[in-house]
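Examination of the molecular architecture
Letter by letter, the chains look like this.
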Amino acid sequence: QVQLVESGGGLVQAGGSLRLSCTASGSAFSRYFMSWYRQAPGKQRELVASIDSGGNTNYADSVKGRFTISRDNVKNTVNLQMNSLKPEDTAVYYCNALYTTGRYWGQGTQVTVSS
């Protein structure tokens, strides 16, 4: 069982920045495939960014050039640096871990971008 705890959400004005962090349990963190998803009210959950065990990253087109995902395998954390935020980035952001034992979700953290 992998436990994920997110932090760093909040309220920010358009054009501002936020940094989300997710801390994972388990000694195999370096082998987890880590992702950030988000879900806005009335919409389906969507993939924002992902990073594999080798540090290769992937981004949704809507966030390319603005968001950066990174991981620290010593601290068992994955971060999402969000710059140039837009009102349409408002959502609950979820950390996700994929490993041989299954897929795991954090509790989510709210990000609200005011115009």
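As a starting point, this report considers the structure included with it. (Residues numbered from 1 in each chain as written. Predicted model: local features only at pLDDT ≥ 70, side-chain atom pairs only at ≥ 80, totals over all residues. Heavy atoms only, no water.)

This brings us to the overall build of the protein. Helix and strand content of the protein: zero helices and 11 strands. The C-alpha atoms of the protein give 13 Å as radius of gyration, which agrees with the globular expectation for 115 residues (13 Å, within 12%). Based on the C-alpha atoms only, the size of the protein along its principal axes is roughly 40 × 25 × 20 Å. Looking at the 115 residues of the protein, the share that counts as buried comes to 43%. Within the protein, contacts between residues at least 6 apart in sequence are counted, and of these 53% link residues at least 24 apart. (Helix = DSSP H or I, 4+ residues; strand = E, 2+ residues; numbered from the N terminus. Rg over C-alpha atoms; globule rule 2.2 N^0.38 Å. Buried < 20%, exposed > 50% of the residue type's maximum accessible area, 1.4 Å probe, protein only. Contact = heavy atoms within 4.5 Å.)

By size, the foremost hydrophobic cluster in this structure holds 32 residues, and its most contacted members are Leu4, Met34, Trp36, Leu80, Met82 and Tyr93. Counting residues per element, the ones that place at least two in this core are strand S3 (18-24), strand S4 (33-39), strand S5 (46-51), strand S7 (67-72), strand S8 (77-82), strand S9 (91-99) and strand S11 (109-114). The residues touching Met82, leaving out its near neighbours within four places in the chain, are Gly16, Ser17, Leu18, Leu20, Arg66, Phe67, Tyr93 and Val111. (Core = buried A, V, L, I, M, F, W, Y, C linked by side-chain atoms within 4.5 Å.)

Enumeration over the complete set of coordinates arrives at one disulfide. Bridging Cys22 to Cys95, the disulfide has an S-S length of 2.1 Å. Because the sign of the S-S torsion sets the handedness, a value of about -80° for the bond joining Cys22 and Cys95 places this disulfide among the left-handed ones. Of the two residues, Cys22 sits in strand S3 while Cys95 sits in strand S9, which places them 73 residues apart along the sequence. Classification of Cys95 by relative accessible area gives buried; the value is 0%. (Disulfide = S-S within 2.5 Å.)

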